[in-house]
Every structure is written in structure tokens, then in C-alpha cells.
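# Fold and geometry: a report
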Amino acid sequence: MANLACEFIGIKSINPFWLASAPPTDKAYNVVRAFEAGWGGVVWKTLGEDPAPINVSSRYGAHYGQNRQVLGFNNIELITDRPLQVNLDEITQVKKDWPDRVIIVSLMVPCEEESWKNILPKVEATGADGIELNFGCPHGMPERGMGAAVGQVPEYIEMVTRWCKQYCSLPVIVKLTPNITDVRLPAAAAMRGGADAVSLINTINSITSVNLDTMSPEPSVDGKGTHGGYCGSAVKPIALSMVSEIARDPETANMPISGIGGISNWRDAAEFITLGATNVQVCTAAMLYGFKIIDDLCDGLSDWMDTKGYKNINDFSRKAIPNTTDWKHLNMNYKRIAHIDQDICIGCGRCFAACEDTSHQSILQTGDLGKRKYTIIDEECVGCNLCEITCPEPNAIKMVDIDTGKPHLSWLHHPENPYREEK
Amino acid sequence: MSFTHDIKSNRLLDVEISDNFSDIAPPLSDKQVLVASERCLFCYDAPCITACPTGIDIPLFIRKINTGNNHGAAKEILSANILGGSCARVCPTETLCEQVCVRNKHEESPVEIGRLQRYAVDHLDTTQPYPFTRAESTGKHIAIVGAGPAGLSCAHQLAREGHQVTIFEAAPKSGGLNEYGIALYKLVDDYTQKEIEFVLKIGGIDIQYEKALGRDVSLAQLREKHDAVFLGIGMGDVNALNIPGEHYPGVEDAVAYIKELRQKSELSNLPVGRRVVVIGAGMTAIDIAVQSKKLGAEDVTIVYRRDKSAMGASQHEQDLAQTNGATFICNAQPKEIIGSDTGITEMTFNKTMLDDNGKLVVTDDIISIPCDVVFKAIGQKFESSPLGNDSESKPALDQRGRIAVNDNFQTSLNDVYAGGDCINGKDLVVEAVDHGNKAALAIHQQLKKQINQGE
Ligand SMILES: Cc1cc2nc3c(=O)[nH]c(=O)nc-3n(C[C@H](O)[C@H](O)[C@H](O)COP(=O)(O)OP(=O)(O)OC[C@H]3O[C@@H](n4cnc5c(N)ncnc54)[C@H](O)[C@@H]3O)c2cc1C
Ligand SMILES: Cc1cc2nc3c(=O)[nH]c(=O)nc-3n(C[C@H](O)[C@H](O)[C@H](O)COP(=O)(O)O)c2cc1C
Ligand code: SF4
Ligand code: SF4
Ligand code: SF4
């Protein structure tokens, strides 16, 4: 049996699954329920200075797929709306009651040394395992000079991180905002400031929908809406890429990463770990299905590890990094083409429409209506994957490798590249 | 006037018969599983879990299927119900989990829990280690009588807890009615025996075949040599019609006939009547009617003394009988079977109706149905003789004549437990499994206490 226990910046956890700082970790009641369900740790809902902010009514919006499946989720909530001392007391008690579970305290206070100097000892006194600096909240807080407003300026990140290392002895995780062009810059800044790790991503600026009757963006507050933070399954690809960027960059490659963003099942978690995360945090999936999903996260990951012969998380961590590279290094001589399995094909013609109208006219339609047959014109197919992606039947279209007999040749060395480098 | 009693074998070709007896609900394809599993809402406090007698965590195993963790889904099912594979095939889900699925409310179609369960169990990764381990040996030894669903689940659970188990089974094969009773098309390809092989892999379970309680060994002997006894002996007897003509050849007990059918290697050799009357309204009645049709009977009529709504068989099963060409006659009470020592020709019935007080009354209106075979399927009856005659050393029976038990499935004898069809209940495989599980836990608690007290 695979062992899910792991260590992140010196903090031991029974499994790599923590709940991200958000409503699921808002108070002792939720956190205790999460621990009972089996979560390894929590990042407590972000604390700030008193008086605590006030939240509006109507707070969440959704981007739906067919059949009301929530693909993406957004919110216009602020940091905790409960008094600081109440949170600190609860954190102290829960940590005492659950010594084998991790509690990280998320913090967001104004960008002034005094504010940090003041709050850090109080947090340390709770017995929490570490702190996470929320430099990511994209709404409400930046307007007060906090959250993403800080996260978008690397110098501020470095400065605040340094204060934290100076005024408290707990490990410091810097949570990064994705609302920035190059996520490696804030990560490097965090490193310079002495951060023990980074976590990412926080939510993405978004408007999920507009009510076409009232002309208000959702979620609507008395007829008006604002951009909120996007998260959930839909942001996973963005988060994965950002995590890999930090893990691949020589400057930040050694920085431990807590992966966050759209993790809904064990597979997502495994993918984050292969691309550089040491552990993962989950918010939206828990908000949509409840804490019980931890069972599938743990069991699924451990079963998969068993089939692959991985004994612990380290055995596969960063395994996909060597295969993640820049476009210029990809093999221009590699070829794959689509192949349609006629036994599985149901004849819907989606692949044909896609390829004929928008790709390379590589699919042949034959036969009368009702007996249509679709076949790939091998010579025309560029292997773009579009038909395979549009096809409603899993396995009807397979992408098959074609042996071109040619050696590896990247754009870097390609004869047609005017700036090519000699090998 | 001479009659022909038209009972013969080879009514259909072998190929027709093997087609007729193929899997009634074939496995879902991967694509169907994708669609079906997506429909599950992962309900909180899910009603389907409560409706499953073994309390399988249905939303969790379906979510595991949906995330590509079939092995985990199978483990989830089997940890609650070691016969989860056969239950997936034989449970009347339309009256259990699927009946209460919340998807019925606006879509009138539940998540296909049974078929998803089958998919999951079929996809248990057998290259992985056996999913259950045994606790350290307790040195305790339990005798189980009957290797049916109740006995097998009890044995597996006890073996997991570290006890040694010996099963005494009267028949030459284990499985109970899973092997000898359930309709063939529900458990194809010798599934029962394959499943039992999997159950026994836990280790610590020895089955002694053709060892019957009451014949080869007495309850007193078992109690003397073991730390506890679990009785899972099923029912053993069937109810009689008690009408004239019942003794003529051609009047058969449905359960006995199905037993023969289940063990026959060449089904076409089985003699089948041309015109068949089935008396009863439960699962057995449906099964014998459908199987008679599938063997080539021309007319099959199920006759029930009350109206359709009072039938024990679910709507789904009634539909199954009808789809297979059986017809129903309701409100007709058996009067007489007409025939001779060479066979039967017809059966007569009094029509019944409900009086103003809702009581069933028999009228003078008589109908007659020509037939070559009459199957009695009016319920099984517990046969208590194996328990012995000495009322002192024999577990007490309840009002219905089955073994009386308390909430822990303990009989009037402190060290003797019972479950499955031999106690009062719904008489379903899944319930027998539940009884076996719970009795095993109770036995374990009792023995643990003894161990702690140094006995
Ligand atoms: C025709 C028919 C169809 C059915 N179809 C379904 C269905 O589709 N779905 C469903 O859920 N349920 C069905 N049932 C009911 C189901 O089969 C039973 O509820 C279930 O098998 C009960 O399990 P059990 O272990 O209590 O008893 P059984 O399955 O009856 O097993 C009892 C075991 O004890 C052995 N035994 C009996 N006496 C002795 C003795 N003296 N000494 C030693 N061993 C002994 C028997 O040989 C047998 O192996 C059906 C029943 C019948 C008769
Ligand atoms: C309602 C809501 C409130 C959130 N509040 C916070 C917060 O207070 N502090 C913080 O660091 N992140 C906050 N987040 C962001 C999450 O911690 C997480 O980074 C993000 O949702 C991406 O993960 P997910 O896709 O698993 O939800 C919030 C997210 C949501 C949905
Ligand atoms: S989940 Fe529904 S019921 Fe609960 S607080 Fe939100 S709006 Fe109200
Ligand atoms: S999209 Fe898929 S199923 Fe539809 S015609 Fe093409 S190959 Fe067949
Ligand atoms: S009731 Fe239906 S939808 Fe809800 S958990 Fe059970 S199977 Fe899924």
C-alpha cells in the first residue's frame, strides 16, 4: 500500500490534501468536520485586522456546463468577517484537539511593517504550523491596498515576506495571484524575501455571466455586480501551467510549491504533483460536494500509486517536469495522425464538421444519409487532435504515432529557422 | 376420452435456449458507465445508502468510478457487501436503492446503481493484493451451517476479524439459492462459484460439503466443539396448495424445478410443459414463468388470488414476465387440479373479490385453465427439523415458525446466531448478506469479551 503521508517545508501531514483558505476553513466548526472526514490540513480562512470586513449578500456565481455541471465558480467574498480574537482562539483550540493535522493561518493586513509586527506573534501563539500570505484576493481587498494589489508588485512581496520571517519563526508560504503576466517574478520575489514555499493559484478576475433581463453581472447585489475571483475545475489548466513555470525556472526550481486551482479528484492532484507541487489545496470541489470527497482523493491516489509502484508522494513528484519544455525544443519530425475506429463511431459527423470547416479537410465522408462513414485521409491529417476532441465517443478516434524514420529535429535547429543554432 | 399430457424436452433448439438464457442485463459499456455515473449527484445523507440493506456507500463508489478509480469503487462495495457482485445482478433494485434515488423525482429515472455496481466489482484489479486482510488469530473457532449468502458473508466477516470458520453445507456446492435458486439469466457464466472463490481467498474458512445439520451432525455437537454457531440454513420447505389433485404428476414445486434447471448442463434436455400454470405472485413465480417460456412452453399463465397491486413481485418483474410472453390472471383462488395418475389436464379456480371491508372473499364464479404442468410458487417455509427435537437444546422459533433472534441476530441460545431466510425478513440475497455481516460483528463482540475475560 502506498503511503500518502508527506512532509511540506518541514510540516508533516497525514496526506497531501489540505483545504485552501476559503469558506470551508472559515471557523472551527467547518475545520473539525473536515478533519473528521480525513483532510490532512487546512489553511484557515484569511485573517486580517479588526474591524473585520463586512460581506455582501449574493456572493457566488457559476459558469455551467450542460446539465448544470459547474465548470467554473466565482466569488466576491472578502477575507474573514469574524473578529480576529475569535479566529485565534478557535485555531488554538482546534490545533490542540487535532495535533496530527496541519493548520496554516492565512494572513492579509495592510502593507505596513507595524501591522505585520503586531499580528504575527498572535498567530504564532496559536500553535499553528505555518502562515500563508494572501497576496492574491482579486476583489475588494486590493481596493484597500491589500491582496492582489500587493501580489502584483514583486518588491512588496519581497518586503512583506521579509517582515514575516523577521517577526515570526513559523514557516512562511506566499500565496500567489494569477492575475499577472509572468508568475515567476512574484515567486522569485518571495524567494528573495526568504519564503519557505509558494502556493498557487488564488482566484482569477472574472465575470461568470450577465443576467440579460436585469443587465446585471452575476452574482448580483441589488442589481449590480462586480468582477469576482474565478476558481474550480475550469482554472486547473491555468494553475497547472503556472505551477510548472515556477518548477522549471532555474531561479525558483528549488522552491517548494503547494498546488491550488481546480483540483476536484485524485487525478488532478497527481497531475499537480508531477508538475512540481509537493502537496495540494482544494476549495471549490469541497464547496460543491462537501468534505467527503477526501475519501476518493486519498483512495484514488493511493490505488493509482500502487498500480505504478510508487511507494510515496516523492516517488512521482516532478516526474513530468523533464517532459515539460519550451516549444522550440519540440520534435518537428514527430508525426501522429487520427484513426477512426468504425466499430465505435456512431456517425454523428462532428469530427467532419470540425476538420472540414476549421482544420485541414482530412476527413472523408462517404455513404448515404443514415449510413455515413467517416475516414481519415492519412496524407492530409496534421495530427491536430481536433476531431478526437470533438468526438462524443471516447476511443472512437485514436491518435496514432507514425514512424517518419527521421531523427529528432527541433525548431532551434530547423533549416527553415533563420535564427537556427548549430548543434 | 384420452388426454395427452404434453410435457417434453427439446422444445427449442440448443442455440435458441442458450440465447434465451444469456445475461438479462448485460454489462454496461465504458461509455454507458460514463453517462450513468455522471448522473449521480453525490447526495448528502444519500437515501440510496439507507435503502441498501448492506448500506453500501453508493455515491462514493459511483464517484470513484467517475474519477477512473474502478478498483477503489469495487473495494468500497465489497467492504460493505462481500457478495456485492451477485447483489448487483440479483437485487430488485427497483424496490431498494434505485426506488429512492432522488433522480426519480423530476426525471423519473434513477441512477443505474445496480449496473454501475456490477461494473465496479467486475473491474476489481486482481493484479493488486486481495483487498481484505485478516486480523491476528483469535484462537476462536466458529461453526456456520449453510454456505448460502448469509453463511458466506458471516464467514468472511469473521475470518477478517481473525477467527477460524468451518462451514457445514448439506449440498455438494456452496452458494445456497445463488447456486440453486436464482434465475439462470441473472447469474450467468457460473458467477456464483467464481464469487465464492473470491470470498474464500481471505483464508481461514473451511467448507465441509454434504454435511447436513440434523443428519450428519447435531446442533449440540456443533456447540460443544465451537465457540459459537451461526445458522444460515435458508428455508428448506415449500407451502402446499392443499387442494384436490395436488398429488398428480405434472404438479411441481417451482423451487425444486429451478434447482434442477440450474444444475442441468444441457437445458434442452429438461422436460417442459406446453401449457403451464404458475400459482403465486412473488419472485419465484415470475422466475419459473419466465424460465418456462424461455425453455419453450407455449402458454404460461400466472394465477394469483388477489389483485395485481398486492403481488410480491415488483412492477419491473411483472413487466419482465409479460415481455417474455407470460399472462396474468388475478383474483382467482385455486380450487382443483383435474387429472389422473398419468398427468393433468386442467386447473379450476374460484374468482375472488374484495368485500366492503376490504377482505378477500371467494365467489361461485369458476374458471378453468387447460394445462400440462402446474408450478406451485406460493412461498417457502422454514423446515425446523435439522435443529433437533429436544426443545431444551433447540433455538426458539417465532410466530411464523422461523428461528427467533434479537437485534444482534442471537437466538434463544446464547452462543447460537442465525440470519438470512431462516429468520423473519424480506428473503433477499442482500438482506441475507446484511444479517451475516451483523451476526458476525455480534459474535466477534461476544468472543472478544470472552478473550478479554481470559476464557
Ligand atoms: C426461485 C428463487 C428466486 C429468487 N430470486 C431472488 C432474486 O432475484 N434476488 C434476490 O435478492 N433474492 C432472490 N431470492 C431469495 C434469495 O435467494 C434468498 O433470500 C437468499 O438466498 C437467502 O440466503 P440464505 O443464505 O439465508 O439461504 P439459502 O440461499 O437458502 O442458503 C442456505 C444454505 O444452507 C444449506 N442448508 C440448508 N439446510 C441445511 C442443513 N440442515 N445442514 C447444512 N446445510 C444446510 C443449503 O444447502 C444452502 O446452501 C430467490 C429465491 C428463490 C427461491
Ligand atoms: C468563496 C471563496 C473564498 C475565498 N477566500 C479566500 C481567502 O480568504 N483567502 C485566500 O487566500 N483564498 C481565498 N479563496 C481562494 C481559494 O483559496 C483558492 O485559491 C481558489 O479558490 C482556487 O482553488 P479551487 O479551484 O480549488 O477553488 C477563496 C475562494 C473562494 C471560492
Ligand atoms: S447555501 Fe443556500 S441556504 Fe445556505 S446560506 Fe447559502 S443561500 Fe443560504
Ligand atoms: S465525431 Fe466520432 S462518432 Fe462522430 S462521426 Fe466522427 S468519429 Fe464518428
Ligand atoms: S440518491 Fe441517486 S443521485 Fe443521490 S447519491 Fe444515490 S444514486 Fe446518486
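A few points on the structure. (Residues numbered from 1 in each chain as written. Chains lettered and ligands numbered in written order. Predicted model: local features only at pLDDT ≥ 70, side-chain atom pairs only at ≥ 80, totals over all residues. Heavy atoms only, no water.)

### Structural notes on the overall build of chain B
Heads up, the rule is: Only DSSP runs of H or I covering at least 4 residues are called helices, and only runs of E covering at least 2 are called strands; the numbering of each starts at the N terminus. Throughout, radius of gyration means the C-alpha value; the globule benchmark is 2.2 Å times the number of residues raised to the power 0.38. For each residue, the accessible area found with a 1.4 Å probe, counting protein chains only, is set against the maximum for its type, and the residue is called buried under 20%, exposed over 50%, and partly exposed in between.
The secondary structure content of chain B amounts to 17 helices and 17 strands. Expected size for 455 residues packed as a compact globule is a radius of gyration near 23 Å; at 23 Å, chain B falls within 12% of this value. Dimensions of chain B, computed from C-alpha atoms along their principal axes, come out at roughly 75 × 60 × 50 Å. Across the 455 residues of chain B, 53% fall into the buried class.

### Points about the pairing of strand 15 (residues 257-260) of chain A
All names here are of chain A. In plain terms, the rule: When DSSP finds two or more bridges between a pair of strands, those strands are recorded as paired. By the criterion used throughout, a crossover qualifies as right-handed when its path from the first strand across the helix to the second strand runs clockwise, the strands pointing away from the viewer.
Here strand 15 shows no split at all, with I257 and G259 on one side and S258 and I260 on the other all buried. Direction of pairing for strand 10 (residues 197-200) relative to strand 15: parallel, over a ladder of three bridges. Following the sheet pairing, S199 is matched in strand 15 by S258. Bridge analysis of strand 15 against strand 16 (residues 277-282) gives four bridges, and the strand direction is parallel. When the sheet's bridge partners are listed, I260 is paired in strand 16 with Q281. In this fold, the crossover linking strand 15 to strand 16 by way of helix 8 (residues 266-274) has right-handed handedness.

### Re the interface of chain A and chain B
It is common to report an interface's size as the accessible area lost on association of the parts. Selection criterion: Working rule for contacts: check all heavy atoms of both residues, and any pair within 4.5 Å makes them a contact. Accessible-area loss on putting two parts together, using a 1.4 Å probe and summing over both, is the definition of buried area adopted here. Just to be clear on terms, a salt bridge is a Lys or Arg side-chain nitrogen sitting within 4 Å of an Asp or Glu carboxyl oxygen. Counted as a polar contact is a pair of N or O atoms within 3.5 Å, where, for protein atoms, one must be capable of donating a hydrogen and the other of accepting one, and residues adjacent in sequence contribute only when both atoms are in side chains. The nonpolar class holds Ala, Val, Leu, Ile, Met, Phe, Trp, Tyr, Cys and Pro. Asp, Glu, Lys and Arg form the charged class, and all remaining residues, Gly among them, are polar.
Taken together, the contact pairs 18 residues of chain A with 20 residues of chain B. In total, about 1600 Å² of surface goes out of reach between chain A and chain B, with carbon and sulfur atoms giving 43% of it. Inspection of the region where chain A meets chain B yields six salt bridges. Residue E393(A) is joined to K31(B) by a salt bridge in which the shortest nitrogen-to-oxygen separation is 2.8 Å. The interface formed by chain A and chain B holds 12 residue pairs in polar contact (both at pLDDT 80 or more) in total. Counting only elements with at least two residues in the side of chain A that touches chain B, the list comes to helix 8 and helix 10 (294-308) of chain A. The greatest single-element share of the side of chain A that touches chain B, amounting to seven residues, is contributed by helix 10 of chain A. Looking at the side of chain A that touches chain B residue by residue, the classes come out as five nonpolar, four polar and nine charged.

### Some words on the sheet that holds strand 8 (residues 130-134) of chain A
All names here are of chain A. Formally: Under this scheme, a helix contributes an axis fitted over its contacting stretch, all axes are lines through C-alpha atoms, and angles between N-to-C directions fall in the 0 to 180 degree range.
An order of 3-4-7-8-9-10-15-16 is seen for the eight strands of this closed barrel, with the pairing classed as parallel. Taken pair by pair, the neighbouring strands of this sheet meet at an average axis angle of 25 degrees, ignoring direction. Here strand 3 (residues 17-19) runs beside strand 4 (residues 41-47); their pairing, made up of two bridges, is parallel. By the bridge assignment for strand 4, L19 is matched with V42. Against the sheet, helix 3 (residues 113-124) touches strand 7 (102-107) and strand 8, its axis set at about 165 degrees to strand 7.

### Describing the nonpolar core
Just so we agree on the cut-off: What we call a nonpolar core is a set of buried Ala, Val, Leu, Ile, Met, Phe, Trp, Tyr and Cys residues that are connected through their side-chain atoms within 4.5 Å.
Ranked by size, the top nonpolar core spans 84 residues in total, and within it W39(A), I131(A), V174(A), L200(A) and L301(A) carry the most contacts. Those residues in contact with W39(A) that sit more than four places away from it in its chain are I14(A), N15(A), F17(A), W18(A), L19(A), A34(A), R101(A), V282(A), F291(A), I293(A), I294(A) and L297(A). Judged by nonpolar contacts, the second largest core, of 83 residues, contains A36(B), F382(B), I423(B) and V433(B).

### Concerning the site of ligand 1
Residues and elements named next belong to chain B. In plain terms, the rule: Throughout, the term near means that a residue has one or more heavy atoms lying within 4 Å of the molecule or strand in question. Each accessible area value is a Shrake-Rupley result obtained with a 1.4 Å probe; residue values ignore everything except the protein chains displayed when judging cover. The start and end points of each domain follow an automatic or database-based domain assignment.
Around ligand 1, the structure places 34 residues, and the nearest of them are V90, E169, K186, L213 and D421. Here A170 contributes a backbone N or O atom positioned 3.1 Å from a nitrogen atom of ligand 1. Considering ligand 1 on its own, with 990 Å² of exposed area, one finds that the protein chains cover 92% of that surface. Contributions of two or more residues to the shell around ligand 1 are made by helix 10 (149-160), strand 3 (164-169), helix 15 (283-295) and helix 17 (429-452). At three residues, the largest contribution of residues to the shell around ligand 1 is made by helix 15. Residue composition of the shell around ligand 1, grouped by class: 19 nonpolar, nine polar and six charged. Both domains that meet at the shell around ligand 1, namely domain 1 (14-21 + 238-380) and domain 3 (141-236 + 382-452), each give it at least three residues.

### What to know about empty space enclosed by the protein
All names here are of chain A. Convention followed: Here a cavity denotes a set of grid points, spaced 1 Å apart and computed over the protein atoms alone, in which a 1.4 Å probe fits but from which it cannot get out, and a pocket denotes an open set meeting protein on both sides within 12 Å along at least five of seven lines; residues with an atom within 4 Å of a point are reported as lining. Grid points are joined across faces, edges and corners, and a volume is the space filled by probe spheres set on the points.
The full count for this structure, using the stated rule, is seven cavities of 30 Å³ or more. Quantified by volume, the largest cavity comes out at close to 420 Å³. Taken together, 34 residues make up the lining of the largest cavity; nearest its centre are S21, A22, N202, T203 and C283. The set of elements that each furnish at least two residues to the lining of the largest cavity consists of strand 4, strand 6 (70-75), strand 8, strand 16 and helix 9 (284-289). Split into classes, the residues belonging to the lining of the largest cavity amount to 17 nonpolar, 13 polar and four charged.

### A look at the packing of aromatic side chains
Using the following cut-off: Classification of ring pairs uses Phe, Tyr and Trp, with its six-membered ring standing for Trp, and accepts pairs whose centres are within 6.5 Å; under 30 degrees between planes counts as stacked, over 60 as edge-to-face, and the remaining range as tilted. Think of it as a cone above the ring: NZ of Lys or CZ of Arg counts as a charge over the ring if it is within 6 Å of the ring centre and within 35 degrees of the ring normal.
For the structure on display, the rule yields 13 aromatic pairs over all chains. Measuring from centroid to centroid gives 6.4 Å for W266(A) and W304(A), while their planes differ by 35 degrees, and the two rings are tilted. Taken together, the residues W266(A) in helix 8 and W304(A) in helix 10 connect sequence positions 38 residues apart. Across the pair, exposure class does not vary: W266(A) and W304(A) are buried alike. Ring centres of W304(A) and Y310(A) lie 5.5 Å apart, and the angle between their planes is 55 degrees; this geometry places the pair in the tilted category. As far as the burial class goes, W304(A) and Y310(A) line up, both buried. Joined through ring pairs, the aromatic side chains of W266(A), W304(A), Y310(A) and F316(A) make up one cluster. In this structure, R89(B) is placed above the aromatic ring of Y191(B), and the distance from its NZ or CZ to the ring centre is 3.7 Å.

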